[in-house]
Amino acid sequence: MVRNNHFTENRKTLDKLLRSESKTDGGIPLSDILANMRFWAQVENVLIVVSDMAEGKSHIIAGGFARHLDIGDYQQENSIWESKILSLMSPQEQEEKYIAELRFFHYLRHLPRSRKTDYYLISKLRFRFKEGDIHDVLHRMYYIFDDSSEDLRYAICIYGPLPFDFNGKSYAVNSVTGIKEELTASGNDSILSRRECQILAMIDTGMKSAEIARQLNISIHTVSRHRQEIICKLQVKNTHEACRLAKSMGLL
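A quick note: this is a predicted structure, and the numbers were derived from the prediction, not measured.

Conventions used here
- Residues numbered from 1 in each chain as written.
- Predicted model: local features only at pLDDT ≥ 70, side-chain atom pairs only at ≥ 80, totals over all residues.
- Heavy atoms only, no water.
- Salt bridge = Lys/Arg side-chain N within 4 Å of Asp/Glu carboxyl O.
- Helix = DSSP H or I, 4+ residues; strand = E, 2+ residues; numbered from the N terminus.
- Buried < 20%, exposed > 50% of the residue type's maximum accessible area, 1.4 Å probe, protein only.
- Arc of directions from axis to C-beta.
- Contact = heavy atoms within 4.5 Å.
- Core = buried A, V, L, I, M, F, W, Y, C linked by side-chain atoms within 4.5 Å.

A. Quick peek at the pattern of salt bridges. As enumerated under the stated definition, the model contains 10 salt bridges in all. Across the pair lysine 247 and aspartate 204 runs a salt bridge, and its minimum N-O distance is 3.2 Å. Here lysine 247 is found in helix H8 (residues 239–249), whereas its partner aspartate 204 is found in helix H5 (residues 194–204), with 43 residues between them in sequence. Residue lysine 247 is classed as partly exposed on the basis of its relative accessible area, which comes to 47%.

B. Local environment of helix H6 (residues 209–216). Regarding H6, the residues found buried are Ser209, Ile212, Ala213 and Leu216. Each buried residue of H6 sits inside an arc of 100° when the element is viewed along its axis, so together they form one side. Pointing more than 90 degrees away from the buried face of H6 are the exposed residues Arg214 and Gln215. Tucked into the core, H6 has its buried residues touching H5 and helix H7 (220–234). Phi turns positive one or two residues past the end of H6, at asparagine 217, with a value near 60°.

C. Region of the structure containing the nonpolar core. In this structure, Leu47, Phe104, Phe127 and Tyr159 are the most contacted members of the largest nonpolar core, which totals 34 residues. Those elements giving two or more residues to this core turn out to be strand E1 (47–52), helix H3 (83–86), helix H4 (91–109), strand E4 (119–128), strand E5 (134–145) and strand E6 (152–161). Other than its neighbours up to four places away in sequence, phenylalanine 104 contacts Tyr119, Tyr120, Leu121, Met141, Tyr143, Ala172 and Leu183. Of all hydrophobic cores here, the second largest spans 25 residues; its members include Leu192, Ile199, Met207 and Ala242.

This is how it looks when you write it as C-alpha cells:
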C-alpha cells in the first residue's frame, strides 16, 4: 500500500490538538467506559474503539462486525488512532475522515460548554473487507468530557455496517433533538476567519509576508501572527501544508 505521508503528518497534529484538550484524568473511570462499550458492542455487533486522551492509548472492542475485517486479535494500541482499522481505508478516505474530525472539533469549540456533550459525529466511510471487496461503513464518534464538560477525556469511535444510505459524507448530530448539520466547506468559517483565508490564499500564490503586509496595509507582525494562527487551527507543520489541506477542505 502507498504510504499516505500527508495523512500521517495531519494525524500527528490532530493527535496533539485533541490531547491538549485533556488536562485532567477526572470524570468517568476508564473501567466503567470499557464495561459499557463491551455491552454496546455485544448488543449492536459493532467494532468500538475507546481512545484515552490522558494516557494516549486506544482500546479495541470487537463485536460481530469485526469478522468482516482483517484486523486479527487487535485489542490495544499505544496511540489515540486505530491504525489497523485506518489501514483498511484508501488514503483519500483517511484524509476525508481527518477533515471531518477536524471540522467536528472546531464545530464543538464554538458551542457553549453545556451543549458540547449533546453532539456526535457520523460519517460514511469506505472499507476494504477481508475478502477484498469495498463496502460502505457507518462511523460514529462521541467525545466524552470530564465532569465540568470542559476537558476532553475519551473519544469513542463506533464502526458498523451502513444500514441505510444518506447524502453527504459527515454530519454533526444533536443527540437530543435529532437535528443534523452537514460538515462541509460551507461550515469552514468556524475554522479560519475571512482574513486568515485571505492571507493563506496570498501565501499560496507565493507572496512573502512583507508583500502581504504592504498589500493589506498591516504590519509584518500581524501577518506573522495570522500565519501562526492558521498553522495552529489547521494543525499542520507549515503554511505549505496548510495550503494543501485548505484546498482539500474547500477553504481555498
